[in-house]
Amino acid sequence: MILTVDVGNTRIKAAVFEGSTVVENFVFEKNELEKKIKKILKKFQNCSDLVVASVGNIEKQSFLAFEKELNIHFLTHEDVFPFNNKYATPKTLGIDRMVLAAGATLQFPKQNRLVIDAGTCITYDFIDEKDNYLGGAISPGLRLRYEALHNFTARLPLLTLESPEHYIGNSTKEAIHSGVVNGFVYEIDGFIDEYRANFSNFIIILTGGDADFLAKRLKNTIFANSNFLLESLSQTFQYKIDND
Ligand SMILES: Nc1ncnc2c1ncn2[C@@H]1O[C@H](COP(=O)(O)OP(=O)(O)OP(=O)(O)O)[C@@H](O)[C@H]1O
Ligand SMILES: CC(C)(CO)[C@@H](O)C(=O)NCCC(=O)O
Ligand SMILES: [K+]
């Protein structure tokens with residue numbers, strides 16, 4: 001069994017895998033890291049490896065306490081990945097995006113793939129059929145948009161996610177919900193249309209904390225897989241073992 005851990009900018013997500021099957025999923029806050037991992041390892045004593053991808057401010061040291069119990073693999077840019085990285089600044093590419101790209105490459109061989117991760121930030125990652133990672137886009141996620149409107153203005157309240165009634169918001173609250181939610185949906189549909197105009201065929205993988213909310217609202221029909229990053233983490237680890 002392996003324990004995969006995704007340290008995002010907001011929360012930590014983890015999953016225990018038996019082969020390629022998820023046995024259990026966990027979500028927790030950063031300040032609970034040690035306590036939660038300890039609890040998971042107590043429940044799943046057969047875990048032999050812990051695989052971490054961190055874009056948050058949690059470093060390898062945070063996991064050293066578990067070194068006696070299992071092998072720690074803290075993924076970095078130095079690891080082997082199954083795609084050719086064409087990003088002009090490969091060392092600054094987020095490790096989460098590299099893991100998503102690895103998962104897309106391994107799970108959907110020999111085709112163009114677009115990965116959309118709607119989390120704290122929305123990231124777009126494109127890997128072509130020759131397994132070249134081309135790049136994509138980074139934009140503010142849903143919650144970040146609500147918070148930014150409030151934090152950088154004097155008069156806008158902090159709202160929590162609600163579906164707008166109409167694209168023409170007729171009150172401050174409705175105008176904010178329309179701007180945030182419709183803006184988010186139009187952005188993603190717009191990007192998908194742009195890719196469609198330039199690539200005849202590609203598959204789309206939609207993941208992240210807002211994936212389910214988003215999937216229902218897109219004009220394009222896409223199925224969400226909120227576990228794609230953790231699945232990809234387990235596949236990236238397997239790939240590393242097979243190719244190191
Ligand atoms: N309990 C929650 N806490 C924070 N965000 C949540 C929660 N439940 C749903 N969300 C939604 O999930 C989004 C954040 O996604 P996610 O949890 O994947 O981010 P993350 O943990 O920072 O990971 P990453 O940095 O990889 O995006 C927010 O925009 C928010 O709308
Ligand atoms: C964009 C985020 C914050 C998404 O989690 C992360 O992938 C990151 O910190 N990336 C570094 C910049 C880049 O990917 O080019
Ligand atoms: K993200």
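Residues numbered from 1 in each chain as written. Chains lettered and ligands numbered in written order. Predicted model: local features only at pLDDT ≥ 70, side-chain atom pairs only at ≥ 80, totals over all residues. Heavy atoms only, no water.

In the nomenclature of an unreviewed UniProt entry, the protein chain is known as Type III pantothenate kinase of Flavobacterium circumlabens. Entered under Sequence similarities (unreviewed entry) in the UniProt record, the comment concerning the protein chain runs "Belongs to the type III pantothenate kinase family." Turning to the protein chain, the UniProt annotation filed under Subunit (unreviewed entry) states: "Homodimer." (UniProt positions renumbered as here; feature names shortened; annotations may be inferred.)

A. Main features of the sheet that holds strand 9 (residues 132-140). Spatially, the 5 strands line up as an open sheet ordered 6-9-8-7-10, and their pairing is mixed. Each edge of the sheet is formed by a strand with only one pairing partner; in this case those strands are strand 6 (84-85) and strand 10 (203-207). Bridging between strand 7 (residues 113-118) and strand 10 involves 5 bridges; their strand directions are parallel. Each bridged residue has a counterpart across the sheet, and for R113 the counterpart in strand 10 is I203. Helix 4 (residues 172-198) contacts strand 7, strand 8 (121-127), strand 9 and strand 10 of the sheet and is inclined by roughly 10° relative to strand 8. (Pairing = 2+ DSSP bridges. Helix = DSSP H or I, 4+ residues; strand = E, 2+ residues; numbered from the N terminus. Contact = heavy atoms within 4.5 Å. Axes fitted to C-alpha atoms, helices over the stretch in contact; angles between N-to-C directions.)

B. Seen up close, the site of ligand 2. Taken together, N9, V55, Y87, T92, L93, G94, D96, R97, C121, T123 and I138 form the complete shell of residues around ligand 2. A distance of 3.5 Å is found between an oxygen atom of ligand 2 and a backbone nitrogen or oxygen belonging to T92. Between ligand 2 and G94 there is a distance of 2.9 Å, counted from an oxygen atom to a backbone nitrogen or oxygen. In the complex, the protein chains occlude 75% of the 380 Å² of accessible area that ligand 2 would expose alone. Those elements giving two or more residues to the shell around ligand 2 turn out to be helix 2 (95-107) and strand 8. Class assignment of the residues belonging to the shell around ligand 2 gives a composition of 5 nonpolar, 4 polar and 2 charged. (Near = heavy atom within 4 Å. Polar contact = N/O pair within 3.5 Å; in protein donor to acceptor, adjacent residues only side chain to side chain. Areas by Shrake-Rupley, 256 points an atom, 1.4 Å probe, with all protein chains shown as cover. Nonpolar A, V, L, I, M, F, W, Y, C, P; charged D, E, K, R; others polar.)

C. Seen up close, the environment of N85. Topologically, N85 is positioned in strand 6. On the accessibility criterion, N85 (25% relative accessible area) is partly exposed. Distance in space between the C-alpha atoms of N85 and A101 is 9.8 Å, their sequence separation being 16 residues. In this structure, N85 is in contact with P90, L93, M98 and Y133, ignoring residues within four places of it in sequence. Within polar-contact distance, the side chain of N85 engages the backbone nitrogen of Y87 at 3.0 Å. (Buried < 20%, exposed > 50% of the residue type's maximum accessible area, 1.4 Å probe, protein only.)

D. Main features of the site of ligand 1. As a matter of local geometry, ligand 1 sits amid G8, N9, T10, R11, K13, G119, T120, L142, R143, G208, G209 and D210. Contacts to ligand 1 include T120, whose side-chain N or O atom sits 2.2 Å from an oxygen atom. R143 has a polar backbone atom sitting 3.2 Å from an oxygen atom of ligand 1. Taking 620 Å² as the accessible area of ligand 1 by itself, protein coverage stands at 79%. Residue composition of the shell around ligand 1, grouped by class: 1 nonpolar, 7 polar and 4 charged.

E. Fine view of the packing of helix 2 against helix 6 (residues 228-243). Look at helix 2 against helix 6: their axes get within 8 Å of each other, and the N-to-C directions meet at 75°. Classified by the interaxial angle, the pair formed by helix 2 and helix 6 is roughly perpendicular. For the pair formed by helix 2 and helix 6, the contact residues are D96, V99, L100, A102, G103, A104, L106 and Q107 on the first element and F228, L229, E231, S232, L233, Q235, T236 and Y239 on the second. Split by residue class, the contact of helix 2 with helix 6 holds 9 nonpolar, 5 polar and 2 charged. (Parallel < 35°, antiparallel > 145°, perpendicular 65-115°, else oblique.)

F. Layout of the pattern of salt bridges. In this structure the tally under the stated criterion is 8 salt bridges. A salt bridge links D131 to R113; the shortest N-O distance between them is 2.8 Å. Within this pair, whereas D131 is found in the loop between strand 8 and strand 9, its partner R113 is found in strand 7, the two being separated by 18 residues in sequence. Residue D131 is classed as partly exposed on the basis of its relative accessible area of 23%. A residue is classified by how much of its surface remains accessible, and R113, at 0% relative accessible area, is buried. Taking the shortest distance from any N to any O, the salt bridge between D193 and K219 comes out at 2.5 Å. Of this pair, D193 sits in helix 4 while K219 sits in the loop between helix 5 (211-215) and helix 6; the two residues are 26 residues apart in sequence, bridging distant segments of the chain. (Salt bridge = Lys/Arg side-chain N within 4 Å of Asp/Glu carboxyl O.)

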